[in-house]
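Spelled out from the first residue to the last, the chains are:
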Amino acid sequence: MATDASSSMFPPWPDRLRHSAIILLAAGLALSALVLFGEVSPTIAAVVFVCVAGAALVPWRLHNAVASRDEVLGINPVEAAAVSAVVSGMPDPAVLLDRAGRVIHLNAAASQLAPALRKNELAQFALRSPDIITALREAIATAEPRRTTYLDHVPVDRWMELIITPVSVPTNFGGSDYCMLMTFHDQTPLRRVEEMRADFVANASHELRTPLAALSGFIDTLQGPAKDDAKARERFLGIMHAQATRMARLIDDLLSLSRVELSAHVRPDTLVDIVPIIRQVVDGLEPLAGERQVRIEIDLPATPVQIAGDREELLRLFENLVENALKYGASGGKVMVSLTSAASPDGAAEVRVMVRDFGPGIAPEHLPRLTERFYRVDVGDSRAQGGTGLGLSLVKHIVNRHRGRLLIESALKNGATFTACFPQIKTPAGG
Ligand code: ADP
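Residues numbered from 1 in each chain as written. Predicted model: local features only at pLDDT ≥ 70, side-chain atom pairs only at ≥ 80, totals over all residues. Heavy atoms only, no water.

### With respect to the site of the ligand
1) Next: Surrounding the ligand, one finds 19 residues, the nearest of these being Tyr328, Ser382, Thr388, Gly389 and Leu392.
2) Next: In this structure, an oxygen atom belonging to the ligand sits 2.8 Å away from a main-chain N or O atom of Gly389.
3) Next: Between the ligand and Leu392, the relevant distance is 2.8 Å, taken from an oxygen atom to a main-chain nitrogen or oxygen of the residue.
4) Next: Against a free-state accessible area of 530 Å², the protein chains account for coverage of 96% of the ligand.
5) Next: Mapped by element, the contributors of at least two residues to the shell around the ligand are helix 11 (311-328) and helix 13 (391-401).
6) Next: At four residues, the largest contribution of residues to the shell around the ligand is made by helix 11.
7) Next: The residue inventory of the shell around the ligand, partitioned by class, reads nine nonpolar, six polar and four charged. (Near = heavy atom within 4 Å. Polar contact = N/O pair within 3.5 Å; in protein donor to acceptor, adjacent residues only side chain to side chain. Areas by Shrake-Rupley, 256 points an atom, 1.4 Å probe, with all protein chains shown as cover. Helix = DSSP H or I, 4+ residues; strand = E, 2+ residues; numbered from the N terminus. Nonpolar A, V, L, I, M, F, W, Y, C, P; charged D, E, K, R; others polar.)

Now the structure itself:
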């Protein structure tokens, strides 16, 4: 912290007075000697002494005039130093003001947040937000706490909450006075979470309402105009089945996502061999591959590859990646699934499972957003494929819980490669 509790509120004025006294004593002695030896007349010596005295005392008086604010407050210097130290030590931006709104002390975080704030200057001039100024004026006028929020645009958008608390300070004269403690709290993460939650609820309701509306529409039709139309009934029941399946899948994905999120902070600690897990996923998706006329090629080691993992979550993860490759990359006719060992950017050994397809690929502008909930490159295509828009979000959460990384590489017309990387476990066999 670039703050100085010792020199802040109460300058060491007795030291300054001592300096003046030493200067005066020295001047007095020198002039007396000169008068004694007849070098100067007593009158001249007296005039010179008055000048020296003035020169020695005026800076001290001037200094005291500047410090008069502290004198008025009359705070005990020990307490003042303690107050300054507390302000300096606060993790959030904090500013201590006097009753007039003049800055007595501010910490480094506050200087960074509002560089225009200066000691001994009115805070009102340095803070541009009208809401802050109003809150400050009110707090000063009423000696009651005030709270306000504002949006700081520089250097990035940040939601800040400002709390102004009048604090009572005992004075030297046995009474008490008050200062204003102004603290700033960054509310941006909370706001973001709140926005995400609202978006999520809106998206989830929309996704559920669409198939639900289709189901109600078909029920009405079957009860009314198509009541006796056996052919239409068959067709509609087929569509209703597909919509109901989509709803079930969506709810399933939502529940899985919330389960993984709830346990995000707990890293799985069971050792699992991921080779059979990948095989099981590929075997289970062979019928879909046959339906889409895609060949799945696998390149897996013959020996076990253990990681610290959750079997069910890993099944879900690979299922999503291989299923996406089969659904969206079907035109490439081939999907490759391989497992390798490599070093992460920070040099740690990791196990990489790569799922590659040779389909249309994904345009670069979509890549950073693919793992957002409900984000889809082509909503119609995803719905037609029975997608929920939650698959890759779930994949990302599962990878994160395993303390791994998800790499996505793709270029239009060149297929897509999704790689899930997991930290390698050092087994006694070195596997
Ligand atoms: P969905 O349920 O829609 O499949 P995902 O989260 O699994 O949701 O995928 C999000 C979107 O990413 C998909 O809608 C699709 O547009 C795109 N996508 C995912 N995998 C691939 C792939 N292998 N090739 C092309 N696009 C893909």
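### So, the sheet that holds strand 12 (residues 416-423)
1) Next: Strand order in the open sheet formed by five strands is 7-9-10-12-11, and the pairing between neighbours is mixed. The open sheet has two free edges, formed respectively by strand 7 (295-299) and strand 11 (405-410), since each of these has just one partner strand. When strand polarity is set aside, the average angle formed by the axes of neighbouring strands in this sheet is 20 degrees.
2) Next: Running over the sheet, helix 10 (residues 274-291) touches strand 7, strand 9 (334-343) and strand 10 (349-357) and is turned about 170 degrees from strand 7. (Pairing = 2+ DSSP bridges. Axes fitted to C-alpha atoms, helices over the stretch in contact; angles between N-to-C directions. Contact = heavy atoms within 4.5 Å.)

### Observations regarding the packing of aromatic side chains
1) Next: Taken as a whole and judged by the stated rule, the model has four aromatic pairs.
2) Next: The interplanar angle of 35 degrees and the centroid separation of 6.0 Å between the aromatic rings of Phe200 and Phe374 together place this pair among those described as tilted. One end of the pair, Phe200, is in helix 8 (residues 188-223); the other, Phe374, is in the loop between strand 10 and helix 12 (379-384), with 174 residues separating them in the sequence.
3) Next: The exposure class assigned to Phe200 is partly exposed, which follows from its relative accessible area of 23%.
4) Next: Taking relative accessible area as the criterion, Phe374 reaches 9% and is therefore assigned buried.
5) Next: Against the face of Phe358 rests Lys334, its NZ or CZ located 4.9 Å from the ring centre.
6) Next: Positioned above the aromatic ring of Phe200, the side-chain terminus of Arg373 is 4.7 Å from the ring centre. (Phe/Tyr/Trp six-rings, centres within 6.5 Å; stacked < 30°, edge-to-face > 60°. Buried < 20%, exposed > 50% of the residue type's maximum accessible area, 1.4 Å probe, protein only. Lys NZ or Arg CZ within 6 Å of the ring centre and 35° of its normal.)

### Digging into the pattern of salt bridges
1) Next: One pass over the full model with this rule turns up 19 salt bridges.
2) Next: As a salt-bridge pair, Glu297 and Arg295 come within 2.8 Å of each other at their nearest N and O atoms.
3) Next: Here Arg295 falls in the partly exposed class, since its relative accessible area comes to 48%.
4) Next: Here Arg401 makes a salt bridge to Asp310, at a shortest N to O gap of 3.6 Å. (Salt bridge = Lys/Arg side-chain N within 4 Å of Asp/Glu carboxyl O.)

### Details of helix 13
1) Next: Extensive coverage of helix 13 is indicated by the burial of eight of its eleven residues.
2) Next: All buried positions along helix 13 are accounted for by Gly391, Leu392, Ser393, Leu394, Val395, Ile398, Val399 and Arg401.
3) Next: Structurally, helix 13 contributes buried residues whose contacts are with helix 9 (230-262), helix 11, strand 11 and strand 12.
4) Next: Count one or two residues on from helix 13 and you reach Arg403, which has phi positive near 60 degrees.

### A word on the nonpolar core
1) Next: Within the largest apolar cluster, 51 residues are counted, with the highest numbers of intra-cluster contacts made by Ile274, Leu314, Leu317, Phe318, Leu326 and Leu339.
2) Next: Sort the elements by how many residues they give to this core and helix 10 lands first, with nine residues.
3) Next: Formed jointly, this core draws a minimum of three residues from each of two domains, domain 3 (189-262) and domain 4 (267-431).
4) Next: Look past the residues within four positions of Leu339 in its chain and what remains in contact with it is Ile274, Val275, Ile278, Asp299, Leu300, Pro301, Val305, Val351, Arg352 and Val353.
5) Next: Formed by 23 residues, the second largest nonpolar core is a distinct cluster that contains Ala110, Ala123, Ile132 and Leu162. (Core = buried A, V, L, I, M, F, W, Y, C linked by side-chain atoms within 4.5 Å. Domains from an automatic or database assignment.)

### A closer look at the side chain of Asp253
1) Next: Residue placement: Asp253 occurs in helix 9.
2) Next: For Asp253, the side chain forms a polar contact with the side chain of Arg316, separated by 2.8 Å.
3) Next: Not counting the four nearest positions on each side in its chain, Asp253 is found in contact with Arg316, Thr388 and Leu390.

### Some thoughts on the sheet that holds strand 5 (residues 176-186)
1) Next: Pairing in this open sheet of five strands is antiparallel, and the strands run 2-1-5-4-3 from one edge to the other. Every other strand in the sheet has two partners, leaving strand 2 (103-106) and strand 3 (146-152) as the edge strands with one partner each. On average, each strand axis in the sheet is inclined to that of its neighbour by 25 degrees, with strand direction left out of account.
2) Next: Where strand 3 lies against strand 4 (residues 158-170), seven bridges are found, and the strand directions are antiparallel. Residue pairing across strands places Thr149 opposite Glu161, the latter belonging to strand 4.
3) Next: Against the sheet, helix 7 (residues 130-142) engages strand 1 (94-97), strand 3, strand 4 and strand 5, with an angle of about 165 degrees to strand 3.
4) Next: Packed on one face of the sheet, helix 8 meets strand 3, strand 4 and strand 5 and runs near 140 degrees to strand 4.

### Side note on unusual backbone geometry
1) Next: Despite not being glycine, Phe374 shows a phi value in the positive range, around 65 degrees.
2) Next: A positive phi is found at Lys413, a non-glycine position, where the angle reads about 70 degrees.
3) Next: Following the sequence through the fold, Lys413 ends up in the loop between strand 11 and strand 12.

### So, the pairing of strand 10
1) Next: Both strand 9 and strand 10 contribute to a ladder of nine bridges, which runs antiparallel. Paired with Val337 across the bridge in strand 10 is Val355.
2) Next: Connecting the antiparallel pair strand 9 and strand 10 is a turn made up of five residues, with Gly347 showing a positive phi of about 90 degrees.
3) Next: As paired elements, strand 10 and strand 12 share eight bridges and run antiparallel to each other. Along strand 12, the bridge assignment pairs Arg352 with Cys421.

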